[in-house]
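Single-letter residue listing:
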Amino acid sequence: MPRTYLMCPPAYFDVKYVINPWMDATTPVDAELAVKQWDRLRETLIELGHRVHVLAPQVGLPDMVYAANGAFSVDSTVFGARFRYPQRAAEAAAHQAFYARLSSEEAPGEDAGGTRAGWRFVAPTEINEGEGDFTYVPGPGLILAGYGFRTEPAAHAEAQEVLARPVISLRLVDPRFYHLDMALAVLDDTTIAYYPGAFSASAQAVLRQLFPDAVVASESDALGFGLNLVSDGRNVVLSAEASDMAARLVAAGYLPRLVELTELKKGGGSVKCCVAELRG
Ligand code: ARG
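Residues numbered from 1 in each chain as written. Predicted model: local features only at pLDDT ≥ 70, side-chain atom pairs only at ≥ 80, totals over all residues. Heavy atoms only, no water.

Colleague: Where do I start with helix α2 (residues 91-105) in this structure?
Modeller: Three- or four-residue spacings in an α-helix give side chains the same orientation, since the helix completes a turn every 3.6 residues. The end-to-end C-alpha distance of α2, which contains 15 residues, comes to 22 Å, matching closely the 21 Å that a straight helix rising 1.5 Å per residue would cover. Within the span of α2, buried status applies to E91, A92, A94, H95, F98, Y99 and L102. The buried side chains of α2 occupy one side of the element, clustering within an arc of 165° when seen end-on. Each element contacted by the buried residues of α2 is listed here: β1 (4-7), β2 (51-54), β3 (71-74), β4 (77-80) and β5 (120-122). (Helix = DSSP H or I, 4+ residues; strand = E, 2+ residues; numbered from the N terminus. Expected span 1.5 Å × (residues − 1). Buried < 20%, exposed > 50% of the residue type's maximum accessible area, 1.4 Å probe, protein only. Arc of directions from axis to C-beta. Contact = heavy atoms within 4.5 Å.)

So this is what it looks like as structure tokens:
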């Protein structure tokens, strides 16, 4: 099944402030290479048959390339983001405007001229960083949600009200994995992959109970951004650095597609951070 994604080119990407342990404002970023690598990622998704919308980048918002943080949608309802740090706050409005424009152009899951209702955007009250800390498992219809560094636990209850799906709250405990999408990924309708050490002991027990057949990743898989992946249920796009994780995925029956994202790693993100999924 083709998916619909949203990406934002790293035209103004840089590391000038530090809001996660991966960022170092003294390390230079090769802006041209960042754009090339991002293009390759977008082309890979298109080659796999998916549709990629592009959000216009804005001067002064260097982290806007991490489009996954701008919202979280399920069943054509879009739960907007509210960023933890002021440096990224203005990104939320750009995403909201994107969904407003999209709604006026087409209905979710259909081409222009469809008869279904458009995207319903709901602005948040609590701090939450979109798909950075929320993900959806279609089979059981569950939302998995992280907290501890960015998203407020109160936003999990808010998401459950807005999206009418059960939200499972998972506490993140390792600052290197400050977003859920650094430590956990949905591979298909019922399968997830995760690195247990990123979660509290209780959250690990919850994940074992709900997903006994999960692909369990190692610390080095997670440090290589191997869990920061995008899967369409069969093809899994992930960082070229994560070769052990790719082998694990092959063993589990998936088809890994490796992409180089060395420049965007300097901001503390990889494949998944750059790709928001629109679930119409
Ligand atoms: N520099 C960005 C931040 O710290 C990176 C965001 C990565 N995005 C993600 N979905 N994990 O907010």
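Colleague: Looking at this model, I keep getting lost on the sheet that holds β1. Mind explaining?
Modeller: Two strands in a sheet stick together by hydrogen bonds in their backbones, pointing the same way (parallel) or opposite ways (antiparallel). Read from one edge of the open sheet, three strands run β2-β1-β15, paired in mixed fashion. Both edges of this open sheet fall to β2 and β15 (276-277), since each of them pairs with a single strand only. Bridge count between β1 and β15: two bridges; the pairing is antiparallel. Across the sheet, residue L6 finds its bridge partner in β15, namely A276. (Pairing = 2+ DSSP bridges.)

Colleague: Whenever I open this one, the site of the ligand confuses me. Can you help?
Modeller: Lining the immediate surroundings of the ligand are 15 residues, of which R88, H179, D181, G267 and C273 lie closest. At 2.8 Å from a nitrogen atom of the ligand is found a main-chain nitrogen or oxygen belonging to G267. Burial of the ligand by the protein chains amounts to 100% of its free accessible area of 350 Å². (Near = heavy atom within 4 Å. Polar contact = N/O pair within 3.5 Å; in protein donor to acceptor, adjacent residues only side chain to side chain. Areas by Shrake-Rupley, 256 points an atom, 1.4 Å probe, with all protein chains shown as cover.)

Colleague: Help me understand the side chain of D133, please; the structure alone is not making it clear to me.
Modeller: The topology assignment puts D133 in the loop between β5 and β6 (134-137). It is R150 that comes nearest to the buried, bridge-free D133 among opposite-charge side chains, at 6.9 Å. Here T151 takes part through its side chain, which lies 2.7 Å from a polar atom of the side chain of D133. Looking at D133, its side chain comes within polar contact range of the main-chain nitrogen of L180, at 2.9 Å. (Lys, Arg positive; Asp, Glu negative; His and termini not counted. Salt bridge = Lys/Arg side-chain N within 4 Å of Asp/Glu carboxyl O.)

Colleague: It is not clear to me how the sheet that holds strand β7 (residues 142-147) should be interpreted in this structure. Could you clarify?
Modeller: If you trace the three strands from one edge of the open sheet to the other, you get β6-β7-β8, paired in mixed fashion. The sheet terminates laterally at β6 and β8 (167-171), the two strands that pair on one side only. Averaged over all neighbouring strand pairs, the angle between strand axes comes to 25°, with direction disregarded. Pairing geometry for β7 and β8, over five bridges, is parallel. Residue pairing for β8: I143 is matched across the bridge by V167. Sheet strands touched by helix α3 (residues 153-163): β6, β7 and β8. Its angle to β7, the strand with the most contacts, is close to 160°. Sitting on the sheet, helix α4 (residues 201-210) is in contact with β7 and β8, with an inclination near 140° to β8. (Axes fitted to C-alpha atoms, helices over the stretch in contact; angles between N-to-C directions.)

Colleague: Before we go on, may I ask you to explain the pairing of strand β14 (residues 255-259) in this structure?
Modeller: In summary, the side chains of a regular strand alternate between the two faces of the sheet. In the sheet, strand β13 (residues 235-239) pairs with β14 via five bridges, with the strands oriented parallel. Paired with S239 across the two strands is V259, which belongs to β14. In this fold, the crossover linking β13 to β14 by way of helix α6 (residues 243-251) has right-handed handedness. (Right-handed = clockwise from strand over helix to strand, strands pointing away.)

Colleague: Even after reading the chapter, I still don't get the pattern of salt bridges, so can you show me in this structure?
Modeller: Where side chains of opposite charge bring their charged atoms close, a pairing between them can arise. According to the stated counting rule, one finds 17 salt bridges in the structure shown. A salt bridge links R84 to E152; its shortest N-O distance comes to 2.8 Å. With R84 in the loop between β4 and α2 and E152 in the loop between β7 and α3, the pair connects residues that are 68 residues apart, well separated along the chain. When its relative accessible area of 27% is taken as the criterion, R84 is described as partly exposed. In this structure, D174 engages R176 in a salt bridge whose closest nitrogen and oxygen atoms are separated by 2.7 Å. Relative accessible area serves as the criterion here: at 12%, D174 is assigned to the buried category. What makes R176 partly exposed here is its relative accessible area of 28%.

Colleague: Before we go on, may I ask you to explain the pairing of β13 in this structure?
Modeller: For β13, a buried count of five out of five residues is recorded, marking the element as mostly surrounded by other parts of the structure. Bridge count for strand β12 (residues 230-231) against β13 is two bridges, and the pairing is antiparallel. Bridged to S231 within β13 is V236.

Colleague: It is not clear to me how the environment of L249 should be interpreted in this structure. Could you clarify?
Modeller: With respect to the element layout, L249 can be found in helix α6. Exposure remark for L249: the relative accessible area of 0% places this residue in the buried category. Separated by 62 residues in the primary sequence, L249 and L187 place their C-alpha atoms 9.3 Å from one another. When residues no more than four places from it in sequence are discounted, the contact partners of L249 are L187, L229, V236, L238 and Y254.

Coordinates in, geometry out; function isn't part of it.
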